[in-house]
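Each chain, letter by letter, is given below.
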Amino acid sequence: MSAAIEKDLLVRPLTARITAGLPVDLASYEATGGYRALRRALKELSPADVQSRVKDSNLRGRGGAGFPTGVKWGLVPMGPDAGAKYLVCNADEMEPNTFKDRLLMEDAPHQLIEGMLVAGYAIQATAGYIFLRGEYVKAAARLNAALAEARAAGLLGPTDGKGILGSGWDFTLVVHTGAGRYICGEETALINSLEGRRANPRAKPPFPQIAGAWGRPTVVNNVESLCNIAPIVEYGAEWFRGLSQGKSKDGGTKLYGASGRVKRGGIYELPIGTTAREILEEHAGGMREGYTLKCWLPGGASTDFLMPEHLDLAMDFDTIAKAGSRMGTGLILALDQTHNMVAAVRNLEEFFARESCGWCTPCRDGLPWSVKMLKALEEGRGSAEDIVQLEKLTKLLGPGKTFCAHAPGAMEPLQSALKFFRSEFEAGVAKTPAAAAGADALAATGASSAKVA
Amino acid sequence: MATIHVDGKQYEVNGAENLLEACLNLGLDIPYFCWHPALGSVGACRQCAVKAFRDENDKQGRIVMSCMTPASNGTFISIDDEEAKQFREAIVEFLMTNHPHDCPVCEEGGHCHLQDMTVMTGHHSRSYRFDKRTHLNQDLGPFIGHEMNRCISCYRCVRYYKDYAGGTDLGVYGAAANVYFGRPEDGTLESEFSGNLTEVCPTGVFTDKTHSERYNRKWDMQYAPSICESCAVGCNLSPGERYGEIRRVENRYHGELNGYFLCDRGRFGYGYTNRKDRPRQPLVAGEVVTRETAIAAATAALKGKKVLGIGSPRASLEANYALRGLVGAEAFHDGHALGDAALVQLALAIVRDGPVRASTISEIEGADAVLVLGEDPTATAPRFALAIRQAARGKGKALAAEKKLAEWQTIALADLLQRDSYPVFIASVDTTRLDDIARATHRAAPEDLARLGYAIAHAIDASAPAVSGLDAATAELAQTIATALASAKRPLVVSGTGAGSPAVLQAAANVAWALKAKNDATGLALSLPEANSFGTALLGGASLEAALTQIESGAVDTLVVLENDLYRRAPQARVEAALARLKHLIVIDHQATPTAARAQVVLPAATVFEGDGTLVNYEGRAQRFFQVFDPTYYDNKIGLTESWRWLADLEARSAWKILDDVTAACAQALPALAGIVAAAPGAAFRIDGLKVAREPHRYSGRTAMRANQSVHEPRQPQDPDTALSFSMEGYNGTGSLDRPPELTPYAWSPGWNSPSAWNKFQQEIGGSLRGGDPGKQLFAAGAGKPYFGEVPAAFAPRGDAYRVLALHLHFGGDELSSRAEPIVKRASPAFVAISRADAVKSGVNGHATLAIDGAQLRLPTYISDTLPAGTIGLPAGFAGVPFFVHGALATVSGG
């Protein structure tokens, strides 16, 4: 292995191989230290050792919620009587303006596979599934090719009882492509979908670690989280914690990104806790000529808008939460002065309304209502009552009110837009009652009076 | 036990329930939609939100769903909290963004859980000003209407139909604000329990189509506590009447029997009462006559003559007893079909005298291993079948308990259960409608089913008789079933008279008794041919065979047939020959049967909806049914009365003035029936000095009811027989704890107009009714009995003489319900089933010609891959299928 990559891996464990332009095959992965962690774990470490390394590393789930991965694993029943257990990789990356897992899967599939093997070993899973967003055709092809290579090399089961690398522990891994529902990113909806059922979230408790896929203990981890596992086992928890270079109390690097009218949109692996300003201004090169930053979403459509004055905050889970938003996936969406906030929020809520699974009332019926009001405001036929009602919705669809976190997530951009840009909403209130009723628009579409309905 | 605090008050609760159940049990109202006592909690509708506090010092609190939160010790909640109230109101407002405001034209109106909950939350005006989503509706067959625009997406329908009832053709499609509950395409719902959708649906998506055609609001109908006559389970019904017609039958909650659910035959089969061709006036020689003339003609035919009486297992005890009184105990015959009387007597001996008494439906639901021997319960005792499904699913509760999860956590239960279940073994002559939940199925002729049963019993207890000559596969199956039953905590044996085989009943008894010796929690449930099979068996009449033999000998002058059609009980040629030997035939019935057509005197009788009486179900539970309406009020030419009244008049028994007199006389005469008086309160019963009102207090139009005949309003009909009034005047509340559960005509409680009102009548939600579940158990605990020992020889095909097996179907075989038009539409046409090999051998192709007992008939063929070779199956009781005795042989030819 070249010393340059070795050094780079110690700083950017997730993307060093990718930026070096290596092919994604097994040979080049192994030539750069790939599957060393697996071999070490199987030979030298007990499952409990692996678990405690990950726990000590303070790796927090990279799917957006930031739940400590080691703690999640620790809830899985262990021991010889625990029976079938499953490890599921949540690769259903459908959060608007999020595209980090795609990079990892397309260009470093073996790192995910190794991460799943080590994680599977740690919880003594019997089988693993990569629940992949269906539109990620290239990722599916590359993952499947990599899985075939790994199977051929004896790194994956079934091994007819000998176990992976002769360890006695067997593990199979397959790619399952989703049918295109955002809610499948919710881990229990994902499990239902994996089982072939409707993608409705499940009630918790029981948590998946106790009763998940097919009623068996199941761990669901994000792609980026799992890609961190092999390096943690390889280089140790202390190394991982140090990767943040003191910028955050969390450990590791983070795949950050930027989109919108920035100069160099993309993905950047940086120490977790890097400021948003550094991400936007240095790595993304700042706003394009003629555009100024109006506000930004820190990590996906289901996070609250932040303002330019928040740019110096460290992008980690706790700091962004204190500012009233969530880091989420850490991929920043920059909005500029040309964006109308009502239109932007309407666009987001249309997405959320469409992607509601339809299980619980506030989400199913509340989100489409918000879209209709936002549309009215956007088209200048809103009413003052709409703004009151939108504000009510942010409470009624808030955390704890709905069955899962989908609607509360949908309310985050809405409530922050109302907080920071209320005047833009007020500007959409119709000047005359006729306009409010949308008489012209309705006459044009032939729809009957909506007011009476 | 647990102490919870609700709005500052302290309550004791059992600690196992969720907060919604606990509060409803305490009489505290919380609105809800998706939760249902039988379907559990899923947290979908978010309607039952309350504020939960960490402790008494927490003033902030947070909104929780009461159905998803355990009522554990030290819980502090508020229902009245302002935020919680506003949230609940907002939920209804959300639902109303799409729910149409069509209450005035919606059949659910006035009977609608959504209306009740809307009022309960206080939501009255909405801010939503946009379009509503619309759906296309489907034709779901003759029973259920479909109006999807009204749907509030509570998911109850699919949770009931698929998860609870095992249906496969109703699903949920789409997502977001466009979820659709229906079939993949238009077509009749396949489940035999589809009608419960009309009660499970909290609004007007699924409505009773049989009611639609002659619609009335709930408050405009008259009701009585009734009992279903379509099988021997004895489900409790709440039939509603207007203008002299039964317009709808709904479930009447019974904690141990039907619970919240009925079968479709029981719910939609009431139409025989409304038939225009019924005898409603007395007939002598085919001419309408007055009551006096008819009685005179009948009396003349009886006086000084040699008289026989044939009773009926579909008639009340009182009617049968009155006939027994008229003709004398020796001349009284029980009216079961040839061969059935002995089977029923055997079943009675097993259930009443044996060591294992009959299980209630709720006990069946609690079983953890089930053997069904010789029966297709979906047809012969449908409510058994629905309960067996719950038994199989019950393993989810055990798995949940292992994970310390409450049993109301429905989603978790299903997730844990996956495709696992408690074992159900089905041994029957052909496929059954429960095969989808069976761990193993076995198809064989009745003798071989009995042999399997005997072998199972022997494997459980070696002192039970062994079976010799069993093939290896059957012996292994017997061992597997024996092991499963013996290792269960609550094993259950289900059998009955459906196979037409005493050996099957005996084998089933042996299995249950062998289990009982090891496990006191063993259950047994035997299905019977008719609603009052045990009642008539307890009266102890001789068999129909004996009656026919006497008549055939020419020793009988006059035959009195009570509510019975002999052509359904014996081969046609034999009935015709016997009737031809009589001088006089008197038929008392409510249907225009072929037997009635032969009678000189026809006395029109009341159906179960038009009279009162007592039935004894498969458990030995005596239950009273009450007259729903007085048909003579609408048309004074109508001359029908209860059969017992006709018989009392024929005998000039002046002592029998009211039903209670006959019931008491019957109880006194027959010690086995002594308990029937206590089956329900008598006519003198009053609550706060009042009779119980049959009509809701909003009943309208009463004074105009007969205005087309005369503007003078007649006096309301009086009811001397019962403690119920034909009026809205009378006791109408749920408030009195003294209200006997037997006297609840319909579900209503202030603020609760839908069937959800039953929650207000229960001791605890989903448990027994206040005052105990209706009916009086007549059987005391039985004693140990020696095993039955007559192991039959194996069935051997007899060349061209095919053994005729009775195939029981849910629709079309039951006498009364198959006279109802919607049931006729739903039933399949008659057919003959034949095994594939025999079909080839006998050359049948599409149709077959059969000869049975000298009768010839041609039927379409159904090629079965499961029917035993050497047998053919005929749908029992079907129109176009003549009566055949158990064990009959037939020849089969093609074309």
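The rules behind these values
Residues numbered from 1 in each chain as written. Chains lettered and ligands numbered in written order. Predicted model: local features only at pLDDT ≥ 70, side-chain atom pairs only at ≥ 80, totals over all residues. Helix = DSSP H or I, 4+ residues; strand = E, 2+ residues; numbered from the N terminus. Rg over C-alpha atoms; globule rule 2.2 N^0.38 Å. Buried ≥ 20, exposed ≤ 12 C-beta atoms within 10 Å, placed from the backbone. Contact = placed C-beta atoms within 7 Å. Core = buried A, V, L, I, M, F, W, Y, C linked by C-beta atoms within 7 Å. Pairing = 2+ DSSP bridges. Axes fitted to C-alpha atoms, helices over the stretch in contact; angles between N-to-C directions. Nonpolar A, V, L, I, M, F, W, Y, C, P; charged D, E, K, R; others polar. Domains from an automatic or database assignment.

> Describe the overall build of chain B, listing the residues and the values that go with them.
From N to C terminus, chain B includes 26 helices and 36 strands. At 28 Å, chain B has a C-alpha radius of gyration in line with the 29 Å of a compact globule built from 895 residues. With the C-alpha coordinates of chain B rotated into their principal frame, the extents come out at 90 × 75 × 55 Å. Split into buried and exposed, the 895 residues of chain B put 59% on the buried side. Look at the contacts in chain B between residues 6 or more apart in sequence, and 76% of them connect residues 24 or more apart.

> Would you mind going over the nonpolar core in detail, with residue names and values included?
Among the nonpolar cores identified, the biggest contains 419 residues, and Val 88 and Val 118 of chain A together with Leu 371, Ile 388, Ile 456 and Val 511 of chain B are the most heavily contacted of them. With 11 residues, the top contributor of residues to this core is helix 18 (residues 502–518) of chain B.

> How would you sum up the sheet that holds strand 21 (residues 491–496) of chain B? Please name residues and give values.
Residues and elements named next belong to chain B. Strand order in the open sheet formed by 5 strands is 20-19-18-21-22, with parallel pairing between adjacent strands. Looking at strand neighbours, the two that pair on one side only are strand 20 (440–443) and strand 22 (523–527), the edges of this open sheet. On average, each strand axis in the sheet is inclined to that of its neighbour by 10°, with strand direction left out of account. Of the pairings in the sheet, the one linking strand 18 (residues 369–373) to strand 21 comprises 4 bridges and is parallel in character. Bridging across to strand 21, Val 372 finds its partner in Val 494. Contacts from helix 16 (residues 446–460) reach strand 18, strand 19 (424–428) and strand 20 within the one sheet, and its direction differs from that of strand 18 by about 145°.

> Could you give me a rundown of the interface of chain A and chain B, with the residues and numbers involved?
The partner chain B presents 35 residues to the 36 residues of chain A that form the contact. Looking at the side of chain A that touches chain B, the elements that each hand over two or more residues are helix 16 (341–355), helix 17 (361–378) and helix 18 (384–396) of chain A. Top contributing element to the side of chain A that touches chain B by residue count: helix 17 of chain A, with 8 residues. Here the residues of the side of chain A that touches chain B sort into 18 nonpolar, 8 polar and 10 charged.

> How would you summarise the pairing of strand 2 (residues 9–13) of chain B if you had to cite specific residues and measurements?
Here is the key point about a regular strand: its side chains alternate between the two faces of the sheet. Sheet analysis places strand 1 (residues 2–6) of chain B next to strand 2 of chain B, joined by 5 bridges and oriented antiparallel. Bridge pairing in strand 2 of chain B links Val 6 of chain B to Lys 9 of chain B.

> Describe the domain arrangement of chain B, listing the residues and the values that go with them.
All names here are of chain B. As assigned here, chain B comprises domain 1 (2–96), domain 2 (103–273), domain 3 (341–528) and domain 4 (802–894). Each of domain 2 and domain 3 was reduced to a C-alpha centroid, and the two centroids are 32 Å apart. Taken together, the contacts link 17 residues of domain 2 with 17 residues of domain 3. Looking at the side of domain 2 that touches domain 3 residue by residue, the classes come out as 9 nonpolar, 4 polar and 4 charged.

> I'd like a description of the sheet that holds strand 7 (residues 293–297) of chain A, backed by residues and values.
Residues and elements named next belong to chain A. The 4 strands lie next to each other as 6-5-8-7, forming an open sheet whose pairing is mixed. Looking at which strands have only one partner, the edges of the open sheet turn out to be strand 6 (266–271) and strand 7. In this sheet, neighbouring strand axes are inclined to one another by 30° on average, regardless of whether the strands run parallel or antiparallel.

> So what's going on with unusual backbone geometry? Which residues, and what values?
Residue and element names in this part refer to chain A. Note the cis peptide between Gly 157 and Pro 158, where omega equals 0°. Within the secondary structure, Pro 158 is located in the loop between helix 9 (137–152) and strand 3 (172–177). Residue Pro 205 is bonded to the preceding Lys 204 through a cis peptide linkage, with omega at -5°. Counting through the fold element by element, Pro 205 comes out in the loop between helix 10 (187–194) and strand 4 (218–222). Phi is positive for Trp 214, close to 50°, though the residue is something other than glycine. Structurally, Trp 214 can be placed in the loop between helix 10 and strand 4.

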